[in-house]
Amino acid sequence: MNKPKTGGRVKIWRRTILVLVALYLLLPIVAMINFSTKTFSGGRGLGSWRAIFQQPDLIAAIMTSLELAAIVIGLIFFLVVPTVVWVHLKLPRLRRPLELICLLPLAIPGIVLVVGIASIYRWISIHISESPLTLAAVYSMLILPYTYRSLSASLHSVDVHTLAEASRTLGASTYKMLFGVILPTIRAGVMSGAVISIALVLGEYTISSLLNFQTMQVEISLVGQTDGGIAVAISLASLLFVFLLLVAIPTSMHRENKELESETA
Amino acid sequence: MAQEMTMSNTDSASRGVSIRLWRKHSAYVGVIPFLILVSIFLLWPTYSVVSGAFQDSTGKFSLSVLKSVIKNPAHLTAFRHSLQVSAITSVIGSVIGALFAWAIATGKKDGILRRISLSASGVLAQFGGVMLTFAFLATFGFNGLVTSFFLKFAPHSFFGHPTWLYSITGLCIVYSFFQIPLMFIVFLPTVDNLKPQWREASDGLGGSTLEYWRRIGIPVMTPSFLGSFLLLFANAFSAYATAASLISQGSIITPLGISTALSSETGSNNPALAKALSLGMVLVVVFVMTLYTLLRRKVSKWEQ
């Protein structure tokens, strides 16, 4: 007799909380749709949405941010992941220091990192390049904690040492072992780290704005000072874009984890 | 290397040793590119901020800048505001986020609701920043949805006259947009870990719902809850983008003070001051994150 009663109460609590949180999550979205479809005359229209494409600076900045995301992904694949795997396999003594380095960005707020890095970027802009793409270097530092965590989780769930040993006995080169054998087995971890990294790079504002680079967020903020409608429209669009990205990826990850589970079972 | 090779030609025994030495240490070559990048873009900047806080404008060791910061009431107020906003939004975020996590965890494990909630939270917690400011303004701003609604039905209420948009209150509301989702993400695994057997055991021994939560549920989750709270605190304390895109002038919280000290546009470019303020921030975040790590260790012991 007691059980269904508590079950019912749990259900009511659960529903109430879910409805409240859903309201809280959806209210800003509805408000943004409302705000970005208002016209000056008080009617409705897609003027703000169309105007996004008439902002060459904004489009250029979006391209810059996408290119930055691509370069950072490249750095993750060809530098961070191989280094972490390498240390895991061959240099166990460096594991702890590497972990500390990778988690350091969590203790250094972005605004503080800018203070320390400003002089380096001044030097880079004079001697190497003024391109905003140079931001990829510091961005690849920001993503270290996320990449490292998801990587080390999947490295611990797979017996990498045996895999490395097996591929070496079968005559694979080091390159082949890293990219042909080990990387595919830890793909899920790499992918989830990569997706968070894309979100972080596309959403980054602190460093780029203070170093005077025109990235997507800097432009959105700038547009917002003159036309709130466009800024709200592009904000909503990019929030939805990254949301879809995150919805799509965990599915494949989930599937993969299930495969792994059924294989080990 | 070359030296090792010539030496090894003379003596086969020492050759074996040197090859073994090279084999042993050649692995270190693999980490050099990464190490260079990290040294330039992470380690050196960190060192530069921390050491720079103890230098005067000529680069000599001095406590003068730090002293001037501590004596300046404006900087102290900003620092206090930073701590306040972080504390308030962490309390709001951790309580609501934990309830949300519980509501989702009691649902289906691979349900669509859970996945959507996780992805949406990921977007808001990791990606937010500037866009949350515009979401906030579209909702609570002078032409916002909530504001227009309240203007119509309750014109003199709190939401009808948002004079608080650009104040600490406004910051607290917009920060909760990313604090609640972050709590949801980090706390969900803990709620998932509550074993149904514990509840059954409690029920079997005649415990009520209240007793179950008071004596089992809450004590078991407390370390993880506190850890998540600390993570939220550090997160809010470090946040800059949302505040900067909302409040374009003034240094109401320390991160905004740092950017003012850093920007050369206003002619007040003062890197020494920026470094001194940054040191204060780093000290707080490192302290909080150390506590967090200690708590996490406790948590992972029983979660295994």
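Only a predicted model underlies this, so the values are computations on that prediction, with no experimental measurement involved.

J.: I would appreciate a short explanation of the overall build of chain B in the present structure.
T.: Of the regular secondary structure elements, chain B holds 14 helices and zero strands. For chain B, the succession of helices and strands along the chain, N to C, is α-α-α-α-α-α-α-α-α-α-α-α-α-α. Taking 19 Å as the expected radius of gyration for a compact globule of 304 residues, we find that chain B reaches 26 Å, considerably beyond that expectation. Expressed along its principal axes, the backbone C-alpha trace of chain B runs to roughly 95 × 65 × 35 Å. When burial is assessed residue by residue, chain B has 48% of its 304 residues classed as buried. For chain B, contacts bridging at least 24 residues in sequence account for 66% of all contacts bridging at least 6. Per element, the accessible surface of chain B, about 15200 Å² overall, is 66% carbon and sulfur. Looking at charge distribution, chain B has the averaged site of its 22 positive side-chain charges lying 5 Å from that of its 10 negative ones.

J.: I keep staring at the interface of chain A and chain B and nothing clicks. Help me out?
T.: The figure often quoted for interface size is the accessible area lost as the parts come together. Listed per partner, the contact involves 82 residues of chain A and 70 residues of chain B. When the two sides are added together, the surface that chain A and chain B hide from each other amounts to roughly 6500 Å², 80% of it contributed by carbon and sulfur. For the chain A face of the interface with chain B, the top three residues by lost area are Tyr24, Ile111 and Val115 of chain A, together amounting to 9%. Here chain A is connected to chain B by zero salt bridges. The interface formed by chain A and chain B contains five residue pairs in polar contact (both at pLDDT 80 or more). By residue class, the composition of the side of chain A that touches chain B is 58 nonpolar, 17 polar and seven charged.

J.: How should I be thinking about the domain arrangement of chain B in this particular structure?
T.: Taken domain by domain, chain B comprises domain 1 (1-52) and domain 2 (64-303). Taken over C-alpha atoms, the centre of domain 1 of chain B sits 43 Å from the centre of domain 2 of chain B.

J.: What is the right way to look at the nonpolar core in this model?
T.: Within the largest apolar cluster, 148 residues are counted, with the highest numbers of intra-cluster contacts made by Phe41 and Tyr175 of chain B. Considering every element that reaches this core, the biggest residue donor is helix H3 (residues 56-90) of chain A, with 15 residues. Residue assignment places this core across two domains, with domain 1 (1-52) and domain 2 (64-303) of chain B each supplying three or more. Discounting residues that sit within four places of it in the chain, Tyr175 of chain B has contacts with Val85, Thr89, Ala236, Ala239, Thr242, Ala243 and Ile253 of chain B. Of all hydrophobic cores here, the second largest spans 21 residues; its members include Ala101, Leu188, Val191 and Leu194 of chain B.

J.: What am I meant to see in unusual backbone geometry here?
T.: Both trends apply: most residues other than glycine have a negative phi, and most peptide bonds are in trans. Residue and element names in this part refer to chain A. We note that Asn212 has phi near 60°; this positive angle belongs to a residue other than glycine. Secondary-structure assignment places Asn212 in the loop between helix H11 (206-210) and helix H12 (216-226). Judged by its relative accessible area of 53%, Asn212 falls in the exposed class.

J.: Whenever I open this one, a nonpolar patch on the surface confuses me. Can you help?
T.: Together, Ile88, Val91, Ile92, Val95, Ile96 and Leu99 of chain B line one region of the surface with nonpolar side chains, adding up to about 450 Å² of accessible area. Looking at the secondary structure, you find Ile88 of chain B in helix H5 (residues 73-105).

J.: What is the right way to look at the side chain of Thr147 of chain A in this model?
T.: Residue and element names in this part refer to chain A. If you trace the backbone, Thr147 turns up in helix H7 (residues 144-157). Residue classification places Thr147 among the buried positions, given a relative accessible area of 2%. With residues near it in sequence (within four places) discarded, Thr147 still touches Ile76, Val80, Gly193 and Ser197.

J.: So what exactly am I meant to see when it comes to helix H9 (residues 174-185) of chain A here?
T.: An α-helix turns once per 3.6 residues; consequently, residues spaced three or four apart project the same way. All names here are of chain A. Relative to the 16 Å expected for twelve residues at 1.5 Å per residue, H9 spans 16 Å between its end C-alpha atoms, a close match to the ideal helical length. Along H9, the residues classified as buried are Met177, Leu178, Ile182 and Leu183. Projected onto a plane normal to the axis of H9, the buried residues spread over an arc of 135° and lie on a single side. In the core, the buried residues of H9 are packed alongside H3, helix H8 (160-169) and helix H10 (187-203).

J.: Please explain the packing of H5 of chain B against helix H6 (residues 112-126) of chain B as it appears in this structure.
T.: Helix packing for two helices is described by the angle between their axes and how far apart those axes are. Residues and elements named next belong to chain B. Taken N-terminus to C-terminus, the directions of H5 and H6 make an angle of 150°; their axes are 10 Å apart at the nearest point. Comparing the axis directions of H5 and H6 gives the class roughly antiparallel. As for how H5 packs across H6, the hand of that crossing is left-handed. On H6, the residues touching Phe100, Ile104 and Ala105 of H5 are Leu113, Arg114, Ser117 and Ser121. For the contact of H5 with H6, the residue count by class is four nonpolar, two polar and one charged.

J.: Looking at this model, I keep getting lost on the pattern of salt bridges. Mind explaining?
T.: A side chain of one charge can pair with a side chain of the opposite charge if their charged atoms are brought near each other. Residues and elements named next belong to chain B. Enumeration according to the criterion identifies four salt bridges over all chains in this entry. Close ionic contact of Asp192 with Arg114 constitutes a salt bridge, the shortest N to O distance being 2.6 Å. One end of the pair, Asp192, is in helix H9 (residues 168-192); the other, Arg114, is in helix H6, with 78 residues separating them in the sequence. Look at Arg114 and you get buried, because its relative accessible area is 13%. Salt-bridge contacts for Arg199 lead to Asp203; the nearest nitrogen and oxygen are separated by 3.4 Å. Of this pair, Arg199 and Asp203 are both found in helix H10 (residues 196-204), four residues apart, which corresponds to roughly one turn of the helix. The class for Asp203 is partly exposed, based on a relative accessible area of 31%.

Calculation notes
- Residues numbered from 1 in each chain as written.
- Chains lettered and ligands numbered in written order.
- Predicted model: local features only at pLDDT ≥ 70, side-chain atom pairs only at ≥ 80, totals over all residues.
- Heavy atoms only, no water.
- Helix = DSSP H or I, 4+ residues; strand = E, 2+ residues; numbered from the N terminus.
- Rg over C-alpha atoms; globule rule 2.2 N^0.38 Å.
- Buried < 20%, exposed > 50% of the residue type's maximum accessible area, 1.4 Å probe, protein only.
- Contact = heavy atoms within 4.5 Å.
- Areas by Shrake-Rupley, 256 points an atom, 1.4 Å probe, with all protein chains shown as cover.
- Lys, Arg positive; Asp, Glu negative; His and termini not counted.
- Charge placed at Lys NZ, Arg CZ, Asp CG, Glu CD.
- Buried area = accessible area lost by both parts, 1.4 Å probe.
- Salt bridge = Lys/Arg side-chain N within 4 Å of Asp/Glu carboxyl O.
- Polar contact = N/O pair within 3.5 Å; in protein donor to acceptor, adjacent residues only side chain to side chain.
- Nonpolar A, V, L, I, M, F, W, Y, C, P; charged D, E, K, R; others polar.
- Domains from an automatic or database assignment.
- Core = buried A, V, L, I, M, F, W, Y, C linked by side-chain atoms within 4.5 Å.
- Patch = residues over 30% accessible without salt bridge, like charges linked within 9 Å, V, L, I, M, F, W, Y side chains within 5 Å.
- Expected span 1.5 Å × (residues − 1).
- Arc of directions from axis to C-beta.
- Axes fitted to C-alpha atoms, helices over the stretch in contact; angles between N-to-C directions.
- Parallel < 35°, antiparallel > 145°, perpendicular 65-115°, else oblique.
- Left-handed = near helix turned anticlockwise from the far one by under 90°.

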